[in-house]
Amino acid sequence: MSKPVVLIAEELSPATVDALGPDFEIRHCDGADRAALLSAIAEVDAILIRSATKVDAEAIAAARRLRVVARAGVGLDNVDVAAATKAGVMVVNAPTSNIVTAAELACGLLIATARNIPQANAALKNGEWKRSKYTGVELSEKTLGVVGLGRIGLLVAQRMAAFGMKIVAYDPYVQAARAAQLGVRLLSLDELLATADFITVHLPKTPETLGLIGDEALHKVKPSVRIVNAARGGIVDEAALHSALKEGRVAGAGLDVYASEPCTDSPLFEFDQVVGTPHLGASTGEAQEKAGISVARSVRLALAGELVPDAVNVQGGVIAEDVRPGLPLAEKLGRIFTALAGEVAQRLDVEVCGEITQHDVKVLELSALKGVFEDVVAETVSYVNAPLFAQERGVEVRLTTSSESPDHRNLITVRGTLTNGDVISVAGTLAGPKHQQKIVGIGGHTVDLAVADHMAFLRYTDRPGVVGALGRVLGEAQINIAGMQVARAEEGGDALIVLTVDGTIPSQVLNEVAEEIGATSARGVDLMP
């Protein structure tokens, strides 16, 4: 029998080929050469890439035998995961390959901003001996504010604690008991901003986190604060940071990521107290080697038909055809749940009811969990590592099934109990031969609205004039309402509006809507992949 063919489309660590072993025919091409890629990919079983090769719908369509796309790194911006999933092609990456590397760079930026190391080095090499100009500050006994206590944020916290720093953190998705076990004190964002001598950002980039460290936040910090962003560009508002540095409200900054990349002419670079690096978070030989070895192992497992821990779109193994359409719905219900809850639940129940339960529906629990953590952690969330994120945060997860579903052929519900005892739930179903995704329940309210890329959920006390006020505020903000449903328990009681809109509702507009209608809760969620 001929060996499976693996195409290596970019330069990878030699350890990658060693990890593949002798059981495959290895071919090479320049993945950045489009014509060469489309020709080479036609008769291969797997392709290994980094960031320069674009595996889009066209490339996947040209790959008649392709079973696995393996990205030796964390990001998947250059892979059309939806097209791969539709074609039955597994997509894998190396989600943990750069965790240590990224954490170490953040620590390096913290030390560099504290002691002015790059500036002093440049001055000395320019023939200048300026000891007094580059006097720094000690890290010992200072307070480090970690914004986002995921895997990388935790590694930074642990490493900087060894310098004698006091560690505080803001992360609404980490429970206080878990943080206490890690030796970290949880604070609100405002408390952290006012307390920290150094702030380091380790959040995923979402509509909620974009510009989180902006003008308002930077008016709450100590003038001696130094801010590091080695996570995602745009979480720290660069214009607001420029103003804060210029006005002396921030003492320094260390940046590895930018709102637009590549970035070589940022106004921030005019400040001597800004240390900048060109997105080096994953750029070590060790991280590249780990990534190559990781995806090589995943390719071996996938082509052998075994469980693939780092699969992004499928778990590996057989998923019943009747179950498969429910995967994206369950994932979106999980993302909506997180948006509504605003925190990670203490207990999470995934309930599946109806005809679909004659099959194994465990994968629907995994899909819902994947959605729950999609906008919570900075790492790529897969069907296999999602339970690990739940375990790390002390979340008890339970799957329940029932063949009975009185109102719908099949029904998926994600229900969670929060730390204060509140219960949040969202239910959905698939309608018609095209499997249209619909939300049919929010808490105790019955709704019937198609799932959309941009949605908002508002709770308020039922009274006249609310819909008109809502429409006016959104209209003034040039936000078009695509669909809307109002549900209420009783006249004058608790009421709910579910909106679908044509674009993201900015947080300030959502806050204005909430104030205008007296909403007790106003949450927006963007479900675009």
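(A) Spatial organisation of the sheet that holds strand β10 (residues 226–229). Strand order in the open sheet formed by seven strands is β8-β7-β6-β9-β10-β11-β12, and the pairing between neighbours is parallel. Only two strands of the sheet have a single partner each, and these edge strands are β8 (185–186) and β12 (274–276). Of the pairings in the sheet, the one linking strand β7 (residues 166–170) to β8 comprises two bridges and is parallel in character. Of the residues in β8, the one forming a bridge with Ala169 is Leu186.

(B) View of the sheet that holds strand β5 (residues 90–92). Strands sit in the order β2-β1-β3-β4-β5 across an open sheet of five strands; the sheet is parallel. In this open sheet, the two edge strands, each paired with only one partner strand, are β2 (25–28) and β5. The mean angle between the axes of side-by-side strands here comes to 20 degrees, regardless of whether they run parallel or antiparallel. Here strand β4 (residues 68–71) runs beside β5; their pairing, made up of three bridges, is parallel. Among the inter-strand pairings, Val68 is bridged to a residue of β5, identified as Met90. In this fold helix α12 (residues 285–303) packs onto β1 (5–8), β3 (46–49), β4 and β5, with an angle of close to 165 degrees to the strand it touches most, β4.

(C) Molecular detail of the packing of aromatic side chains. If you walk through the whole model with that rule in mind, you get two aromatic pairs. A centroid spacing of 5.9 Å and a plane angle of 85 degrees characterise the contact between Tyr258 and Phe269, whose relative ring orientation is edge-to-face. Linking Tyr258 in the loop between β11 (252–255) and β12 with Phe269 in the loop between β11 and β12, this pair joins segments that are eleven residues apart in sequence. What makes Tyr258 buried here is its relative accessible area of 6%.

(D) Structural context of helix α16 (residues 466–476). Among the residues of α16, Val466, Ala469, Leu470, Val473 and Leu474 are the ones counted as buried. Buried residues in α16, looked at end-on, bunch into an arc of 125 degrees, giving them a common side. Summarising the geometry of α16, the exposed residues directed more than 90 degrees from the buried face are Gly468 and Glu476. In this structure, the buried residues of α16 make contact with β19 (454–461), β20 (481–488), β21 (494–501) and α17 (507–517). The positive-phi residue at the C-terminal boundary of α16 is Gln478, with phi of around 60 degrees.

(E) Broad picture of the packing of α16 against α17. Two elements in contact, α16 and α17, have axes separated by 9 Å at closest approach and are oriented at 155 degrees. Accordingly, the angle class assigned to the pair α16 and α17 is roughly antiparallel. Handedness of the α16/α17 crossing: right-handed. Each of Val466, Ala469, Leu470, Arg472, Val473 and Leu474 in α16 lies in contact with α17, whose residues at this interface are Val509, Glu512, Val513, Glu516 and Ile517. When grouped by side-chain class, the residues that make up the contact of α16 with α17 number eight nonpolar, no polar and three charged.

About the cut-offs
- Residues numbered from 1 in each chain as written.
- Predicted model: local features only at pLDDT ≥ 70, side-chain atom pairs only at ≥ 80, totals over all residues.
- Heavy atoms only, no water.
- Pairing = 2+ DSSP bridges.
- Helix = DSSP H or I, 4+ residues; strand = E, 2+ residues; numbered from the N terminus.
- Axes fitted to C-alpha atoms, helices over the stretch in contact; angles between N-to-C directions.
- Contact = heavy atoms within 4.5 Å.
- Phe/Tyr/Trp six-rings, centres within 6.5 Å; stacked < 30°, edge-to-face > 60°.
- Buried < 20%, exposed > 50% of the residue type's maximum accessible area, 1.4 Å probe, protein only.
- Arc of directions from axis to C-beta.
- Parallel < 35°, antiparallel > 145°, perpendicular 65-115°, else oblique.
- Left-handed = near helix turned anticlockwise from the far one by under 90°.
- Nonpolar A, V, L, I, M, F, W, Y, C, P; charged D, E, K, R; others polar.

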